[in-house]
Amino acid sequence: MKPANEMELSEAIRGANGPLRIVGGGTRAIGPDRAGEVLETGALSGISLYEPGALTIVAGAGTPLAEVEAALDGGGQRLPFEVPDLRGLLGRSGASTIGGVVAANGSGPRRIQAGACRDSLIGVRFVDGAGTIVKNGGRVMKNVTGYDLVKLMAGSHGTLGVLTEVAFKVLPRPEVEATLTRDGVDPAAAVAAMAQALGSPYEVTGAAYFGGQIRLRIEGMIGSVAYRSGALRKLLGAGWDVVEAAQSAILWREIRDVAPFMGQAGAVWRISIKPSDMPQVLAVLSQAQTLCDWGGGLIWALVPDAGDAQAGALRGALAAMGGHATLVRAGAAVYDTTPAFHPEPAALATLSKTLRAKFDPRGILNPGMMG
Amino acid sequence: MEMPRIDAAIVARKPAIVAALQEVLPPDAVIFDEIEVRAYECDALTAYRCPPLAAVLPRTTAEVSAVLRICHKMGVPVVPRGAGTSLAGGALPTGDCVILGVARMNGVLETDYPNRFIRVQSGRTNLSVTGAVESDGFFYAPDPSSQLACAIAGNIAMNSGGAHCLKYGVTTNNLLGVTLVQMDGTVLEIGGAHFDAGGLDLLGVICGSEGQLGVVTEATLRILPKPEGARPVLMGFDSNEVAGECVSDIIKAGILPVAIEFMDRPCIEATEAFAKAGYPMCEALLIVEVEGSKAEIDEQLALIIEIAKRHNPVELREAADEDQAKRIWLGRKSAFGAMGQINDYMCLDGTIPVSSLPYVLRRIGEMSKQYGLAVGNVFHAGDGNMHPLILYDANKPGDLELCEAFGADVLKLCVEVGGCLTGEHGVGIEKRDLMKVQFAPEDMEAQLWVKDVFDPQWLLNPAKVFPLDVTASRRAV
């Protein structure tokens, strides 16, 4: 089904008599292939409002991400949270939609400084599991009127409702960027250096660690970037190189899209932790390739696609130190025994389950996806 | 303002309720004397007062849990209270409720600079969170005007903002985790020192739920490195429209100031008479502040001033030093006090799309004439969060009602132009009955489901946020 508008979408859900699989561009869904009639949002497309002077954009959930990004680019602005393109990693084709970005709370390296997708999202319209159209938030960036269902919808992976429209606070696109790099660093030293940089007043907007190399990004006005990258080098000591402009952007696309894992066999974990726990988490994994972002707070790990893909060891370790691990890619056999989403403590799991039952009483929206 | 009928059966059980609370709390933590409970009869929305049945001041999460378990079992409504600075009546009691104040829970539990967070008990004041880390070069970004007094618990309940949220966001963008006690006493850890939820973003909906989903006893907050410096520039214009255009042009030029504050003529006049900050007498005044090193500030301010000059400002004043910067901020920071010198006032905080600013200000001016009540506007222009201050005389019969009607019309106007009823103060009781202006019944129903899930008996702060007729059937259970 591919409803032409919100009303038709509402009728489609109302009339559904079995599970629905919600699809935007089909580029981000996590977990095993699921049964269910496909419900596409692609026809709910188009930017309905873009006011650069108010830093606001509103678009239909099925609007291609590329269209939103192009419009913002024309206004000298951008989505603050640096949306990852996970097609290569997940082996998908198709064009990512802005609604899919929200459903997955897709957030890249700049999350450490500008927040996640959920932090820039200021309004939603969605259709719940009974077919009711609901709105929450709006088009203004400060809004505490009623409960913040906007945050709840971000990252709900289509299990609470089908998004029909999303509104964002956007930010100016900086004039330039530069990246400081340093090679041959071990994980403990990398975490310490990234913490030092992120604890400085020089507004680091990316802090990643891959293949023994630390990458620290600075963005802004020309003079300011020159000043801050110089100041940061002085603070961190010798051994740092500077990569500028387009070459810097390439380094961050690689991190954002987890490019090094593309085309490689294996299961992929996305692990969110307290940054200083990074070396300990790396030590838990065996036969793994890893890529760290967010100053160490985000680890992408490629492990053999067998058994439980080390879920027991990894999630066991996180139980003690806090955080969560999502199995974003694995073969059917691994997914048969290992849930994609991190199991929650019983009380939280019950709350989430009861919430989902309220929003989707028949349990037809991406059932089983999040547990 | 209508409040629910006091449940006489609960009031009649007061001795038993107090005795049960005394069993789990130290003697000084249970307040039940009719005179003493008056200390909790209102918050900063002082027009409404009602002494609670009792008030408790627990010191630990375990004590909070014990109190809630008792009240849950005995069917007693609980109204959580931070520092009592809500302008929306978020902590206003009912006569049959227990006030649960977290003011004694004000400790710092953990400070972690490498991971840039602080974990505090929720009764700690906003400013003292920054106070705990500033000597090490860090700060906590959300800065509501009441930051000297207001508690983190209330900040989380209302998702408080401040003057600098254009750059740093509001409470929800700086909150990493909470310890939440549910009405039945269950203690939950939600979030932590890591980013984002592994499942549904429950933290996101708890923040801003006005104490209706649970009592937050501990919070993990992001702290940020302090910028090297900050400097404001003041500019005056001869019309609101031009000032509005200037704000829009600054933003479109790709600069993100940390604050853009706007004051209109009535507010400038009142402020000058009160604080003598040396402001120019003009129709509209902007204070724009940028951050960074000296060179970075110079770079940004040069661009901002160039843009301002295109709009023919009647005044353009750069701060040459710390002292001049303070003088520029002095008037803005005294604005509420200055208006309060003239008369009693009601402070609204609707948000509007920035593009509607001139229209909304003109309409407010017209309404001011119709109602015969003066109004001054001072607000965060970068994010459209308005703060019209409507002056009235509390001692003059009918004036408060007139002021409320005026306020309601302004908020309806905010919604009409695409904005909302409240940008940072919360709904509380003050805007409760206007919720239908912004939300269709099904929009509210979806919000009520969340309350149903967290507090099925509807005992936590039940008379707030949603119109009483909308929640009546749920509260009766």
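Residue positions within a chain follow its written sequence, with the count starting from 1. All chains are assigned letters beginning with A, and all ligands numbers beginning with 1, in the order in which they are written. It should be noted that, the model being predicted, local features are given only for residues of pLDDT at least 70 and side-chain atom pairs only at 80 or more, the latter also being counted only at that level, while totals for whole chains, interfaces and linings use all residues. Hydrogens and water are ignored here; the side-chain numbers use all heavy atoms of the structure.

A. Examining the confidence of the model for chain B more closely. A residue's pLDDT is simply how confident the predictor is in it, with values from 0 to 100. Per-residue confidence for chain B gives a mean pLDDT of 95; residues scoring 70 or more make up 100%. Predicted as a complex, the structure gets a pTM of 0.97 and an ipTM equal to 0.98.

B. Summary view of the nonpolar core. F168, L216 and I271 of chain A are the most contacted members of the largest nonpolar core, which has 196 residues in total. The leading source of residues in this core is helix α13 (residues 399–416) of chain B, at nine residues. Throughout, a residue-residue contact means that at least one pair of heavy atoms, one from each residue, lies within 4.5 Å. Among all residues touching F168 of chain A, those that are not within four sequence positions of it are L55, T56, I57, L79, F81, I98, V102, C117, S120, L121 and I122 of chain A. The term nonpolar core refers to a set of buried residues drawn from Ala, Val, Leu, Ile, Met, Phe, Trp, Tyr and Cys, joined through side-chain atoms within 4.5 Å. Only protein chains enter the accessibility calculation, which uses a 1.4 Å probe; a residue is then buried when its area is under 20% of its type maximum, exposed when over 50%, and partly exposed in between. Core analysis: the next-biggest nonpolar cluster, separate from the first, contains 28 residues, V67, V76, M105 and V215 of chain B among them. Each helix is a run of H or I in the DSSP string that is no shorter than four residues. Each strand is a run of E no shorter than two, and both are numbered from the N terminus.

C. Representation of the pattern of salt bridges. When a carboxyl oxygen of Asp or Glu is within 4 Å of a side-chain nitrogen of Lys or Arg, the pair counts as a salt bridge. Evaluated as defined, the whole model comprises 44 salt bridges over all chains. Across the pair R110 of chain A and E82 of chain A runs a salt bridge whose closest N-O atoms are separated by 3.9 Å. Separated by 28 residues along the polypeptide, R110 of chain A in the loop between α4 (98–103) and α5 (111–114) and E82 of chain A in the loop between β5 (77–78) and α3 (87–90) bring together distant segments of the chain. Residues E366 of chain B and R363 of chain B are paired through a salt bridge, measuring 2.9 Å at the closest nitrogen-oxygen approach.

D. Geometry of the sheet that holds strand β6 (residues 121–128) of chain A. Residue and element names in this part refer to chain A. The strand order across the open sheet built from five strands is β3-β4-β8-β6-β7, with neighbouring strands paired in antiparallel fashion. Whereas interior strands pair on both sides, the edge strands pair on one side only; in this sheet they are β3 (47–51) and β7 (133–137). Each strand of the sheet is rotated relative to its neighbour by a mean of 15°, with strand direction disregarded. Strands are labelled as partners when DSSP assigns at least two bridges between them. As judged from the five bridges shared by strand β4 (residues 56–60) and strand β8 (residues 161–169), these two strands associate in the antiparallel manner. When the sheet's bridge partners are listed, A59 is paired in β8 with V166. Helix α1 (residues 6–15) contacts β6, β7 and β8 of the sheet and is inclined by roughly 45° relative to β6. Angles shown run from 0 to 180 degrees and are taken between the N-to-C directions of axes, each axis being a line fitted to C-alpha atoms and, for helices, limited to the stretch in contact.

E. Seen up close, the domain arrangement of chain A. Residue and element names in this part refer to chain A. How far each domain reaches was decided by an automatic or database domain assignment. Looking at chain A, the domain boundaries give domain 1 (6–172), domain 2 (176–256) and domain 3 (259–337). Using only C-alpha atoms to locate each centre, domain 2 and domain 3 end up separated by 24 Å. Here domain 2 packs against domain 3, burying approximately 1,000 Å² in sum over the two surfaces, 69% of which is carbon and sulfur. Here domain 2 and domain 3 share zero salt bridges between them. We call two N or O atoms a polar contact when they sit within 3.5 Å, provided that within protein one can donate a hydrogen and the other can accept it, with sequence-adjacent residues counted only if both atoms are side-chain atoms. Our count for the domain 2 to domain 3 interface comes out at four residue pairs in polar contact (both at pLDDT 80 or more). Elements supplying a minimum of two residues to the side of domain 2 that touches domain 3: α8 (187–198), β11 (204–210) and α10 (245–256). Per element, the largest residue contribution to the side of domain 2 that touches domain 3 is five residues, and it comes from α8. When residues are grouped by polarity, Ala, Val, Leu, Ile, Met, Phe, Trp, Tyr, Cys and Pro land in nonpolar, Asp, Glu, Lys and Arg in charged, and all others, Gly among them, in polar. Residue composition of the side of domain 2 that touches domain 3, by class: eleven nonpolar, no polar and one charged. The term buried area denotes the loss of accessible surface (1.4 Å probe radius) that occurs when two parts are joined, taken as the sum for both partners.

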